[in-house]
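# Notes for the structure review
As a plain string of letters, each chain reads:
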Amino acid sequence: SLDVFSIEKACDELSNSVRLRKLFGIVLNIGNRLNTAGQTGQKRKAGAFTIKSLLKLNQAKAFDNKTTFLHYVVLVVQRNSEALLDFKDDLPSVSKADKIYWDQCVSELEEVETQLENVRKLALHEAKANKVVYQLPGKSKRGEEDNDSDDLSIESMSLEDEVALLRSTKVGMFALSAIRKVSQLRERVDTAKDKFVALLEYFGESGDTKMQPHELFEIITTWNFDVARGDVEKLEKAKVRY
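Presented here is a report on the structure given in the accompanying data block. (Residues numbered from 1 in each chain as written. Predicted model: local features only at pLDDT ≥ 70, side-chain atom pairs only at ≥ 80, totals over all residues. Heavy atoms only, no water.)

## Remarks on the pattern of salt bridges
If the charged atoms of two oppositely charged side chains come close together, the side chains can form a pair. Cut-off, in case you're wondering: Salt bridge, as applied in this entry: a Lys or Arg side-chain nitrogen positioned within 4 Å of an Asp or Glu carboxyl oxygen. Only runs of H or I of at least four residues qualify as helices and only runs of E of at least two qualify as strands under DSSP, and these elements are numbered from the N terminus. For each residue, the accessible area found with a 1.4 Å probe, counting protein chains only, is set against the maximum for its type, and the residue is called buried under 20%, exposed over 50%, and partly exposed in between.
With the rule as written, the count across this model stands at twelve salt bridges. As a salt-bridge pair, Asp 86 and Arg 229 come within 2.8 Å of each other at their nearest N and O atoms. Of this pair, Asp 86 sits in the loop between helix 3 (69-80) and helix 4 (94-97) while Arg 229 sits in helix 11 (residues 225-241), and the two are 143 residues apart along the sequence. Accessibility expressed as a relative area gives 32% for Asp 86, which makes it partly exposed. Here Arg 229 falls in the buried class, since its relative accessible area comes to 19%. A salt bridge links Glu 117 to Arg 120, with the nearest nitrogen and oxygen atoms 2.7 Å apart. Here Glu 117 and its partner Arg 120 are both found in helix 5 (residues 102-129), three residues apart, which amounts to about one turn of the helix.

Here is the structure:
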C-alpha cells in the first residue's frame, strides 16, 4: 500500500512542480533556437520533446567538443532563473518511486483480493455451521438445510444479510475489516493509475505509450542535470581564478 502512495505522490510532485515546468520550457526554447538557427526558410518549431530525450542532452556538443547542450541549458538557467537549478527539491518522492514496479503492485493487490474472497466464503460457511439462521427468499428453512453446498445461498444473499452473517463470527469481523481496507487500497490504485495517465498527457507523451511509472521516474532521477551543473560551476570558478 505504501508503494502505491509513493507512486501517487511522485505523480503529484511532477505535475505540480512549477520549476520543472519552467525548466522544460527553457530546454524546448533553446532547442528550437538551435534547431532553426541559420535557416533561410520558416522551419517549424517543435511544440514538445520526449521525456527520454532528456538523457541525450549531454551528447550534443559545441565546436569545442566539450560544452554540451545541457551545459548551455545550465548556463542560461544560472544567469536568468537560478532558482530553477534546484528543481529536484520539488521532487523528494520521485527518487524513491523509481524502484517501485507498477505491475507488481497490481499483481500483489489482486492476490490479496483473491485470498480475501476465500476468507469471506469460509467465514460465511463457518457462520452457517454455527447455526446462524439465514432464510433464502421464497424458500423454507428445511429446503435450505437440504442444500449443503451453500454456494447458491451465499451468492443469493443481499449485502445487508451477508454483513449481518459475517458479524456473527470473529473471522467474519476480520473479513469485513479486511474487505474495507482492501477496497480503499483498490481505490488508491485506480487513483494512482489515473494520475500517471494524466502525467503522461501533461508531458506530451503519446497516449499509446507503454511507459511504466518507474521508467518515467527513473528518467527524471538519472537525468544528469546536476552533473552538468557541477561542470559549469567548476568552469566558472576556474575563470574567476584565471
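## Some points on the environment of Asp 89
In this fold, Asp 89 is placed in the loop between helix 3 and helix 4. Taking the C-alpha atoms as reference points, Asp 89 and Ser 17, separated by 72 residues in sequence, lie 9.5 Å from one another.

As far as function goes, none of this settles anything; it's purely spatial.
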